[in-house]
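# Working through the structure, step by step
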Amino acid sequence: MDGTDVEVRPVLAEVGRINMLFALETGPPGPGWLPLGGGCAVAPGTLAAEVEGVRVRLAGLSAEPNTRVEWRVAASVFHQGLATRVLSPVLAAGVCHGALVDAARFHGDPHRRGPVVLRTSQQRAAPVVGGTAELADWIERTVVLGVMARVARGLAGAGRVAPGLLRGNTAAALAGAVRALGEDRPEHAARAEAVAADLLTRPSLDGTGGYTGTDASGLGVFRRTTCCLYYRLPGAGYCGDCALRP
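What this report covers is the structure whose coordinates are included nearby. (Residues numbered from 1 in each chain as written. Predicted model: local features only at pLDDT ≥ 70, side-chain atom pairs only at ≥ 80, totals over all residues. Heavy atoms only, no water.)

Let us look at the sheet that holds strand 6 (residues 118-120). Spatial ordering of the open sheet is given by 2-6-5-3, a layout of 4 strands whose pairing is mixed. Because the sheet does not close on itself, it has two edges, and the strands there are strand 2 (25-26) and strand 3 (34-35). Relative to strand 5 (residues 106-108), strand 3 runs antiparallel, the two being bridged by 2 bridges. Opposite Leu34, over in strand 5, you have Gly108 as the bridge partner. (Pairing = 2+ DSSP bridges. Helix = DSSP H or I, 4+ residues; strand = E, 2+ residues; numbered from the N terminus.)

Below, the structure is given as structure tokens:
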């Protein structure tokens, strides 16, 4: 990169085509939208309401009547889904376009019904000038130790959920984003995996999992050391990266 700021809107429009998890709306946040960088969006009360909404939706998807979903299971599902939605566009913007998109400037609508939708009003981003280590630094500081650490603290204030599980969720979300990017943009797969491998050795994610080899397509295979608890839902099984899989 030549050090020139990058226009964010076309970058996000382009990486949003990878799949819906990479989609990030651009434009001013609407009425009632809250910034993920702090404040009410990551307060225990707001997050408790988010988790309750997930509990209701998960129970509704079950074929068993009167299904009750454990709070910690719903909290984990919510957390990993949010981690994926935050990490994916930040990773892709950095890897594919050399743009440092700021997750602290993402906004969410706590009054919506259905899946998470995020929006940013950021118009220009600083460029990546120092390679994969700089991008890993950015993701760790702004996402892992920034937005997702604040969310984890808020969830701990709202109910009982293991901190190690939430760290594992963040690692799994990172690995999932790397894999999806690599499948859609194979020319960027090695760079994305290098960023993830760097992050997984840092204290913030150390011990949460790692790459165990490659599959037939040449993409890295990630295995986590904790379980997201998805298997505890009626009719659910283990995720592909689950520590409980044989």
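Additional details are given in the paragraphs that follow.
Turning our attention to helix 1 (residues 8-15). Those residues of helix 1 that fall on the buried side of the exposure criterion are Val8, Val11, Leu12, Glu14 and Val15. All buried residues of helix 1 lie within an arc of 160° about the axis, which places them on one face of the element. Residues of helix 1 that are buried in the fold lie against strand 1 (6-7), strand 2, helix 3 (71-97), strand 4 (99-100), strand 6 and strand 7 (124-127). (Buried < 20%, exposed > 50% of the residue type's maximum accessible area, 1.4 Å probe, protein only. Arc of directions from axis to C-beta. Contact = heavy atoms within 4.5 Å.)

Right, let's talk about the nonpolar core for a bit. The biggest cluster of nonpolar side chains holds 72 residues, and the ones touching the most others in it are Val86, Phe106, Ile139, Val151, Leu155 and Leu181. At the level of secondary structure, the elements contributing two or more residues to this core comprise helix 1, helix 2 (44-61), helix 3, strand 4, helix 4 (132-158), helix 5 (163-184) and helix 6 (189-200). For this core, the leading source of residues is helix 3, giving 15 residues. For Ile139, the residues in contact, after removing those within four places along its chain, are Leu87, Val90, Leu91, Val144, Val195 and Leu199. (Core = buried A, V, L, I, M, F, W, Y, C linked by side-chain atoms within 4.5 Å.)

Packing of helix 3 against helix 5 brings their axes to within 8 Å, and their N-to-C directions diverge by 45°. Regarding the angle of helix 3 to helix 5, the classification is oblique. In this structure, helix 3 meets helix 5 at a crossing whose hand is right-handed. The segment helix 3 lies against helix 5, with Ser76, His79, Gln80, Ala83, Thr84, Leu87, Ser88, Leu91, Ala92, Val95 and Cys96 engaging Leu165, Leu166, Asn169, Thr170, Ala172, Ala173, Leu174, Ala177, Val178 and Leu181. (Axes fitted to C-alpha atoms, helices over the stretch in contact; angles between N-to-C directions. Parallel < 35°, antiparallel > 145°, perpendicular 65-115°, else oblique. Left-handed = near helix turned anticlockwise from the far one by under 90°.)

A separate point is the side chain of Arg119. Tracing the chain through its elements places Arg119 in strand 6. A polar side-chain atom of Arg119 sits 3.1 Å from the main-chain carbonyl oxygen of Pro28. Not counting residues within four places of it along the chain, the set of residues in contact with Arg119 comprises Leu24, Glu25, Thr26, Gly27, Pro28, Pro29, Gly30, Trp33, Arg105, Phe106 and His107. (Polar contact = N/O pair within 3.5 Å; in protein donor to acceptor, adjacent residues only side chain to side chain.)

All right, on to the sheet that holds strand 7 then. Taken in spatial order, the 3 strands line up as 1-7-4 in an open sheet, and their pairing is antiparallel. Strands with a single pairing partner mark the edges of an open sheet, and in this sheet they are strand 1 and strand 4. Inspection of the sheet shows strand 1 paired to strand 7 by 2 bridges, in the antiparallel sense. Looking across to strand 7, one finds that Glu7 is bridged to Arg124.

Across its 18 residues, helix 2 extends 26 Å between first and last C-alpha, which sits within 8% of the 26 Å expected from 1.5 Å per residue. For helix 2, the full list of buried residues reads Thr46, Leu47, Glu50, Val51, Val54, Arg55 and Leu58. Considering only its buried residues, helix 2 is in contact with strand 3, helix 3 and helix 4. (Expected span 1.5 Å × (residues − 1).)

Right, let's talk about the environment of Val95 for a bit. Structurally, the position occupied by Val95 is in helix 3. Accessibility expressed as a relative area gives 5% for Val95, which makes it buried. Taking the C-alpha atoms as reference points, Val95 and Ala189, separated by 94 residues in sequence, lie 9.0 Å from one another. If near-sequence neighbours (up to four positions away) are discounted, Val95 is found in contact with Leu135, Leu181, His188, Arg191, Ala192 and Val195.

Our focus in this paragraph is the packing of helix 1 against helix 3. Packing of helix 1 against helix 3 leaves a shortest axis separation of 10 Å and a crossing angle of 105°. With respect to each other, helix 1 and helix 3 are oriented roughly perpendicular. In this structure, helix 1 contributes Val11, Leu12, Glu14 and Val15 to the contact, and helix 3 contributes Pro89, Ala92, Ala93 and His97. Within the contact of helix 1 with helix 3, the residues separate by chemical class into 6 nonpolar, 1 polar and 1 charged. (Nonpolar A, V, L, I, M, F, W, Y, C, P; charged D, E, K, R; others polar.)

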